[in-house]
Amino acid sequence: CGHRRANDFFLLSCFAMFGGLTGKTFDKVGRTEVLSVLAVSDEEIVDTVSHGFFGDSELIRIYYGTLRMGIDLRQARKGWIRLKGDTVCADLPPVRLLGNEFIDEARTQTFYETGTWTAADRKRLYLKASRIMRQRVVNRDNLNKASQQAEAQMDKLLHAMGFEHVRITVGK
């Protein structure tokens, strides 16, 4: 799409009708929102062993988490949405993991524990589980799927606001 900016007031009016947003320019609205498009639940069994003088200690915990991927519109460039003739063009930032606190601590369970463990030991195990979940879930397939869903959701949103011709790009 071209570089001509859409009338912010017109686009904001459409968003106000659809989403109840008022009193901000479109760019400012976009810089305060995220679009969550894919949530993947995961569980990991993570263990650690401490070798001591009087024997080994072992800790095995089960961690549950929901990793949300989507678009952080605060990362959108100025003019990320504009009109070119009768077409609304939206350039969305790339899909990414939304937040680093995705493990549900309340659901974490100790499966097996021998010996004495400190809070620092448990924190290291938590960080290990977090890293494993991230590696398992935030992969090319899920990012592509989330990108397609973000494009489809924004397309649906703009069509619902009455725009007939819409062009969406994600992460370009």
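A brief structural summary.

For the structure shown, the criterion picks out two aromatic pairs. Ring centres 4.9 Å apart and planes at 85° place the aromatic pair Phe 53 and Phe 54 in the edge-to-face group. For Phe 53, a relative accessible area of 77% corresponds to the exposed category. Taken together, a centroid distance of 6.3 Å and an interplanar angle of 70° make the contact between Tyr 63 and Tyr 126 edge-to-face. Linking Tyr 63 in strand β2 (residues 55-72) with Tyr 126 in helix α3 (residues 119-137), this pair joins segments that are 63 residues apart in sequence.

Relative to the 30 Å expected for 21 residues at 1.5 Å per residue, helix α4 (residues 140-160) spans 30 Å between its end C-alpha atoms, a close match to the ideal helical length. Among the residues making up α4, those that are buried are Asn 142, Ala 146, Ser 147, Ala 150, Met 154, Leu 157 and Leu 158. The arc enclosing the buried residues of α4, seen along the axis, measures out at 140°, which places them on a common side. Exposed and oriented more than 90 degrees from the buried face of α4 are Asp 141, Gln 148 and Lys 156. Its side-chain oxygen placed 3.2 Å from the backbone nitrogen of Asp 141, Asn 139 serves as the N-cap of α4. Looking one or two residues beyond α4, the residue adopting positive phi is Gly 162, at roughly 105°.

The next subject is the sheet that holds strand β4 (residues 87-92). Note on sheets: strands pair through backbone hydrogen bonds, and any given pair is parallel or antiparallel. Taken in spatial order, the three strands line up as β3-β4-β7 in an open sheet, and their pairing is mixed. Because the sheet does not close on itself, it has two edges, and the strands there are β3 (81-84) and β7 (165-170). Recorded for the sheet is a direction-independent mean angle of 20° between the axes of neighbouring strands. Against the sheet, α4 touches β3, β4 and β7, its axis set at about 155° to β7.

Rules used in this analysis
- Residues numbered from 1 in each chain as written.
- Predicted model: local features only at pLDDT ≥ 70, side-chain atom pairs only at ≥ 80, totals over all residues.
- Heavy atoms only, no water.
- Phe/Tyr/Trp six-rings, centres within 6.5 Å; stacked < 30°, edge-to-face > 60°.
- Buried < 20%, exposed > 50% of the residue type's maximum accessible area, 1.4 Å probe, protein only.
- Helix = DSSP H or I, 4+ residues; strand = E, 2+ residues; numbered from the N terminus.
- Expected span 1.5 Å × (residues − 1).
- Arc of directions from axis to C-beta.
- Polar contact = N/O pair within 3.5 Å; in protein donor to acceptor, adjacent residues only side chain to side chain.
- Pairing = 2+ DSSP bridges.
- Axes fitted to C-alpha atoms, helices over the stretch in contact; angles between N-to-C directions.
- Contact = heavy atoms within 4.5 Å.

On their own, these measurements won't tell you what the molecule is for.
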